Each structure stands twice: as structure tokens, then as C-alpha cells.
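# Descriptive structure summary
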Amino acid sequence: MPGSLTRRIVVLCSILGGLLTLLAGVLLSQSMQMNASLDWVAHSSEVLKAANQTIARLDGAESAQRGFVLTHDPAFVAILDEEITAARQGATQLANLTPDNRRQNARAKEIRILVEQRVANLSQGMTMARANNVAGARALAATGQGRFQMQLIKARIRDFLEDERDLSDARMQAARNRLHTIAWIVALVTPVTLVLIGLIAASLVRRIRKPVGAMMTVMEQLGSGDRDARIDMSMESLEFEQLAKGYNTMVGELASAVADQVDSQERLRHAHLELSHNAEILRERGEVIELLGGMAHRMQAARTDEELAAIIHVFVPRVLADMPGALFAHNNSRNLLIPIAAWGGITVEESGFAPDQCWALRRGQSHFVIEPKSDIVCAHAGPGADHYHCEPLLAGGEVIGVLYLKGVVEAESRFRLTVLSENIASALVNHRLQRGLREQTIRDPLTSLFNRRYMEETLALEIARSSRSGQPLSVVMADVDHFKRFNDEFGHDAGDTVLQTVAAEMRSRFREGDVICRYGGEEFTIIAPGTTAATLAARVDAIRQSIGELKISRGGQTLGTVTMSFGIATWEETMERDGSTLISAADRALYQAKREGRDRVVIDKRATPLRKKAATS
């Protein structure tokens, strides 16, 4: 039975890895020893430098002493002190650098003692020279003690340096020897390792190439059409034997599969035709869904009925080609189906029709007439309608609208109509909800006037429009006089009635383009584009008079006369663009009207009330 190729590779690689690890260990050990030798060489160099520095500094100290004795120049004193300090440091450094060598350390300590003695001698001579005892200093020098000390120090340092140089040379030679050893190891082991790697690679290549070649030959035979080609030779390894067995099994199964191929081809052909037909249907439906998706996105984003009608005009004729029609939406307040859009040249009554005039809405399902007298004709279709289709648009059981099509919807178009109806119904519901939500966010719930937030947004837009066009823009601030009286005497419900009545009166008398808002509490704001304060004042005064003539009652109880004060201001280029300055100006005019007696109209900066008689309340 052939052995495992994987096991052979693992064994050979383990041997090779062991050799490389051993080589790396030897090289690392030699490298560390060489680094240690180099460190000692550097240490010896530092010792030699300290010894030479000590001698040089003592010579410098002697020269400085001699110069002071001869010239009495104080500069030599500083030089002497500096040289003595450096000489002492050098002697101390020698002792500190040689604790590892007992002989050299003893010499270093002896040199340090001799240096101290020489320093003492120099200091004694310098002391005499400073005391002007020149004769004593010269006598001390004549004794020759200092010369003897220097000779002794130099002799000791010379011996010290000779031994240190010998030691340094020995350490350098050791480093060279280790470097040579590393070179020899690399030179001998590298070729051996390369040869071993080559032998391993050759063995593996030989054991792989033969079975691979046999398998390639059999595969070429199989590729040329010989389905009986099999691998029957020894593969020399367990892995290739398993691969050959798997190949032979695969070829056997392939031969069995080929035998069934002829029977499958006919079934595949029929399946292909069916798939092609279904793919065409899916493609058409995909195009319709994509088209309807684009329409749905636009309808969901529409904000007005005009935008909704424009979208219907563009997309519905593309979904249901060559089929005229119209879309009707249900108006809850009037309980009528009102036309939103019509296409294909069809004309519809703008007044719309009642829900019970359409059998599709009555039944809650599609209603169509494909030929004369084939079914009941809807009243809204007219007596001459002989082929049309009504598709109800419902949401949660509620009537949303109806889609009226002039023509016959064929079976292949039913999918288009169904998806189209669902999209339009969803869009109409969304449009209705958006319109309701919009009204809720911009309307005051008590008076049904626009609220303060809408007033601020509209005022900023009108200011921008006025600035561009040069047309005037005025604002009216109004306030119900003595409003607290109604709440205190009749209750807050009576106060609400007063606000609702006043709001209805102003809404009926201001222009259609004027924006009437409840500013807060009993205060109101009117934005009047295209008019100045002077022109607007007469109209406001007429409204003031009509409010004063109102007879307000609640629960059979008369609430009394209601009066209002008004302040008017016109926007100028010097004012803030957000409208705050304009509102403040109109408010200032309103407070002036209050101070002057209420129930009057005041224009900002003029404060000229249009009502001549004094207010009575």
C-alpha cells in the first residue's frame, strides 16, 4: 500500500526545520559573544582615554602654576583649578572603570593616590605664590619633589596603559575569531542546507509529477470523447490514490448521466418554451410595475389636485394604451364624484355625479359593458354607452373614487388595471390625508383661521415677493377690546363664541388674497399683499364698523357689543426680512389705538385714527 505523501512532506520539512533552527542557534550564540567582545573593546578604549586625559590635565596644571609664579596673572589660577578638577575626575574614572580587573583596578587606585599627592604639592606652591612668597614657591620647586611625583605617575600610567592595550588587543582578536567562526559556519552549512532542500524538492517533484502526468493523460482522453478512460496505474501515494478513485467514480457517473441526456433534452426544450413565454409575461409586468412605481412615487409627492391630474395625464395612457378615460375622486362634503383628470379626448361633466349613479360603486366591484344590452348601463355613462369599464377605488370599505375607461379591458390588461387602480387609490388616500394634516398644522382649531406658525412662514414669503416685485405689503394687528370681560361675566365658552364670530366676520370681509391669522388669545394678524397702509385703512375701518354692529348671543343670552382695535404698518426695505420688524410696527400702532380709547384704526408712525368719535368701550 503506498504511503502518505503528506506524511513524507511533514517529516522532510521537520528535518529541514531542525537543521535551520540549529544553524540559527549557533549563529545567534556567536553573534552574542562577538557583541560582548566588541563591548569590552569599547570599554578598553574608554579606559585608555581616561588615563591619557589624567596625564594631560596634570601637565596643564603644572603649566598654569608655573605661569602664575612667573606672571602673577589671575587667569592662571582659574586654569589651574579647572585642570586639577579634571585630573581628579580622570583618576576617579579609572578606578570606576576597572572593577572587573583586580590588577588594573589596584593600579588605578594607586594612580589616584599619586594624583592627589601631586595635586597637594601643586596647591601648596600656588598658596605660597598667592601670598607673594615667591622665594618659598621657588624653593619648593627646587626640591624636585613635584618632578619626582610626575615621573612616578607617568610610569604607573604607562604600565597601566600597556596592560590595558594588551587586554584590548586580546579582546579585539577574540571578536575577530568569532567573526571568522560565523563566516565558516555560514560557508559550510549553507551549501549543505541548499543541497538538502534540492534533494527534498526533487523527491517531492518526482512523486507528484508521475501521478499528475497520468491523470492529465486520462483527462485528455476523456475530453476527446473517450468516456471509458480510467486511471489504473499505481499512484505511489495515498492522496493521489484517493484522487484517482474519485475520478474513476466520477467518470462512471458521467457515463450514466450521458445515457439520460437524450431523454432530458426534449423535456428541457418544452420547459424552455414555457419559461420563455412566462419570461415575456414577467417582462411586460415588470415594465408595467416599473412604470406604475414611477407614477406612484410622483403621486405620493403631489401636493395639489392640479399636480395629481398632470401625473394621471402622463402615466395612465402609457399603462392602458389607446384607451380614453377619466378619474373621479369622491368629495365627502358634497358626496359627489368630482373629475380630477380625463385623457384620450373624452369629455366629462365638471359637476360630477352621485355615487349611486355608478354600478361599480354600488356593487363594490368592477362593472363593465362590452356590447349593447350586455349589462346595465351606469347613469353617469349616458344612455348611448355600449362599451365601457368602471373600476371602483376603495380603501377600507370607503369610496375613494372611480376609474372610468371608454372601451373594453381585455384579459391580458386586467393585471395592468388592477395594479393601476391600487396605486391610484393609495395615492388619493395619501393625498386626502396630506391635505387634512396640512390643514391641521396651519389652522387654528377654534376659529379655523391660519395659525401663528403659518402667518410667520407666509409673511416671510410675501416680504421676499414684495422685495422682488416692488409691490407694497401691509400687515394689520387686531385685538378684541375688553375681551377678559366676556370670560369673566359669561364664561370661557362665551369668549370662544366671540372669537369664532369675529373670525367669521373678518374672513367674509377681507379680500380673498389676504391671509387672516389668529396671532394668539384675542389677537389677530392680517397679511395684505399689494396694498399700502393708507389704502388698507379704509377697508379695515369698514370691517371695524361691521364687527361693532354684530349681535352675539350664546344659549339665548346676549353677550353685548364687541369692538376691536386695529394697527396697520407697511413693510419697508429697512425692516428685517423675517417680518419681525413689520409685526412690531403694526403692534405698536395697535397699542396706540388702545391708549387712545380703543375701537379705532391707527397707522404706524402717523397714529391718525380714522374713527372721529371717542370709543365708548
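Residues numbered from 1 in each chain as written. Predicted model: local features only at pLDDT ≥ 70, side-chain atom pairs only at ≥ 80, totals over all residues. Heavy atoms only, no water.

### Details of the pairing of strand E10 (residues 557–560)
- In this sheet, E10 lies alongside strand E9 (residues 552–554) in antiparallel orientation, the contact comprising three bridges. Within E10, the position partnered with Arg 554 by the bridge is Gln 557.
- Connecting E9 to the antiparallel partner E10 that follows it, the hairpin turn spans two residues, and Gly 555 within it adopts a positive phi of roughly 60 degrees. (Pairing = 2+ DSSP bridges. Helix = DSSP H or I, 4+ residues; strand = E, 2+ residues; numbered from the N terminus.)

### Description of the sheet that holds strand E11 (residues 564–570)
- Pairing in this open sheet of five strands is mixed, and the strands run E7-E8-E6-E11-E12 from one edge to the other. Of all strands in the sheet, those with a lone pairing partner are strand E7 (515–520) and strand E12 (601–603), marking the two edges. Strand-to-strand, the axes of this sheet are offset by a mean angle of 20 degrees, without reference to chain direction.
- Note that E11 and E12 share three bridges and pair parallel. By the bridge assignment for E12, Gly 567 is matched with Val 602.
- Here helix H12 (residues 492–509) sits on the sheet in contact with strand E6 (473–480), E7, strand E8 (523–529) and E11, set at roughly 10 degrees to E8. (Axes fitted to C-alpha atoms, helices over the stretch in contact; angles between N-to-C directions. Contact = heavy atoms within 4.5 Å.)

### Overview of the pairing of strand E2 (residues 336–343)
- Among the eight residues that make up E2, six are buried, leaving the element largely enclosed by the rest of the structure.
- Judged from the seven bridges that link them, strand E1 (residues 325–331) and E2 form a sheet pairing that is antiparallel. For His 330, the partnering residue across the bridge sits in E2 and is Leu 337. (Buried < 20%, exposed > 50% of the residue type's maximum accessible area, 1.4 Å probe, protein only.)

### Observations concerning the environment of Leu 461
- When you line up the elements, Leu 461 lands in helix H10 (residues 452–469).
- When its relative accessible area of 55% is taken as the criterion, Leu 461 is described as exposed.
- Each C-alpha atom of the pair Leu 461 and Gly 579 lies 9.5 Å from the other, and the pair is 118 residues apart in sequence.

### Considering the confidence of the model for the protein
- On average, residues of the protein score 82 in pLDDT, and 95% of them are at 70 or above.
- Per-residue pLDDT stays below 50 along residues 606–617; that stretch engages in 27 contacts with residues further than four places along the chain or on separate chains. (pLDDT = per-residue confidence, 0-100.)

### Details of the sheet that holds E1
- Here five strands make up an open sheet; going across it, the order is E2-E1-E5-E4-E3 and the pairing antiparallel. The strands lining the two open edges of the sheet, one partner per strand, are E2 and strand E3 (367–369). Taking the axes of each pair of neighbouring strands and ignoring which way they run, one obtains an average angle of 20 degrees across the sheet.
- Lying on the sheet, helix H7 (residues 305–319) is in contact with E1 and E2; it crosses E2 at an angle near 50 degrees.

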